[in-house]
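Here's the letter readout for the chains.
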Amino acid sequence: MKTKILMVCLGNICRSPLAEGILKSKLSAKEYTVESCGTGGYHIGSKPDSRSIAIAKKHAIDITDQRAAQFDTSNFKLYDYIYVMDHSNYENIIKLATNNQEESKVHYILNELYPNSNAEVPDPYYGGDQGFENVYQMLDKACDKIAEKLNTQNKKTS
Ligand code: 4NP
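Residues numbered from 1 in each chain as written. Predicted model: local features only at pLDDT ≥ 70, side-chain atom pairs only at ≥ 80, totals over all residues. Heavy atoms only, no water.

Caption draft 1: Examining the overall build of the chain more closely. From N to C terminus, the chain includes 6 helices and 4 strands. Against the 2.2 N^0.38 benchmark of 15 Å for 158 residues, the chain shows a C-alpha radius of gyration of 14 Å, consistent with a compact globule. Taken along its principal axes, the extent of the C-alpha atoms in the chain is 40 × 30 × 30 Å. Taking all 158 residues of the chain together, the buried fraction comes to 47%. In the chain, the share of contacts with a sequence separation of at least 24, taken over all contacts with a separation of at least 6, comes to 74%. Mean positive and mean negative side-chain charge positions of the chain (19 and 20 charges, respectively) differ by 5 Å. (Helix = DSSP H or I, 4+ residues; strand = E, 2+ residues; numbered from the N terminus. Rg over C-alpha atoms; globule rule 2.2 N^0.38 Å. Buried < 20%, exposed > 50% of the residue type's maximum accessible area, 1.4 Å probe, protein only. Contact = heavy atoms within 4.5 Å. Lys, Arg positive; Asp, Glu negative; His and termini not counted. Charge placed at Lys NZ, Arg CZ, Asp CG, Glu CD.)

Caption draft 2: Main features of the site of the ligand. Neighbouring the ligand are the residues Cys-9, Leu-10, Gly-11, Asn-12, Ile-13, Cys-14, Arg-15, His-43, Asp-123, Tyr-125 and Tyr-126. Ile-13 places a main-chain nitrogen or oxygen 3.0 Å from an oxygen atom of the ligand. One of the side-chain N or O atoms of Arg-15 is found 2.8 Å from an oxygen atom in the ligand. Summarising the interface, the protein chains cover 91% of the accessible area of the ligand, which totals 350 Å² for the free molecule. Within the shell around the ligand, the residues separate by chemical class into 6 nonpolar, 3 polar and 2 charged. (Near = heavy atom within 4 Å. Polar contact = N/O pair within 3.5 Å; in protein donor to acceptor, adjacent residues only side chain to side chain. Areas by Shrake-Rupley, 256 points an atom, 1.4 Å probe, with all protein chains shown as cover. Nonpolar A, V, L, I, M, F, W, Y, C, P; charged D, E, K, R; others polar.)

Caption draft 3: Expanded view of the packing of helix 1 (residues 15-26) against helix 6 (residues 129-157). Relative to each other, helix 1 and helix 6 sit at 40°, their axes nearing to 9 Å. With respect to each other, helix 1 and helix 6 are oriented oblique. The handedness of the crossing between helix 1 and helix 6 comes out as right-handed. Every residue of helix 6 that contacts helix 1 at Arg-15, Leu-18, Ala-19, Ile-22, Leu-23 and Lys-26 is listed here: Val-135, Tyr-136, Leu-139, Asp-140, Cys-143, Asp-144, Ile-146 and Ala-147. (Axes fitted to C-alpha atoms, helices over the stretch in contact; angles between N-to-C directions. Parallel < 35°, antiparallel > 145°, perpendicular 65-115°, else oblique. Left-handed = near helix turned anticlockwise from the far one by under 90°.)

Caption draft 4: Representation of the sheet that holds strand 1 (residues 3-9) in the model. An order of 2-1-3-4 is seen for the 4 strands of this open sheet, with the pairing classed as parallel. Each of the sheet's edge strands pairs with one partner strand only, and the pair in question is strand 2 (32-38) and strand 4 (106-108). For this sheet the average axis-to-axis angle between neighbouring strands, irrespective of direction, equals 25°. Where strand 1 and strand 2 come together, 7 bridges link them in parallel fashion. Each residue of the ladder has a partner; that of Thr-3, found in strand 2, is Tyr-32. (Pairing = 2+ DSSP bridges.)

Structure follows, in structure tokens:
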């Protein structure tokens, strides 16, 4: 069975589409599914923000086929790992969890780099292009850790 990972932000047009594209680029599609969504529904069906598309392209990642979706409680069953970008994403997802097992799937993505810090990936939506590069760099480093961890775990269990 594939390991399934869900990246979550607010709008699913800036941060989590980048996180999805970056992690996908580091994992085998045969073994892993990586998807993303937002806690909010404002952008359902939209392409990623053009600035996220551009920064991904600069780093040779194509995210143009992604379309925004909203988090749904069925995702607790569908996914093994749910990574959030900030405190509000965390609170919004955790309040929908119905048991400890569901809660335990939810992680701050930057805790992969800075354990237990609950540090946030800043929302670049209202800022300039530098904000998107900054987000890209943070997510790229966090996704390196995630890929390393998942591949190590999968080797042990297979
Ligand atoms: P994201 O950024 O959560 O990284 O996709 C945002 C995009 C849109 C909005 C907020 C955050 N918005 O309010 O429309």
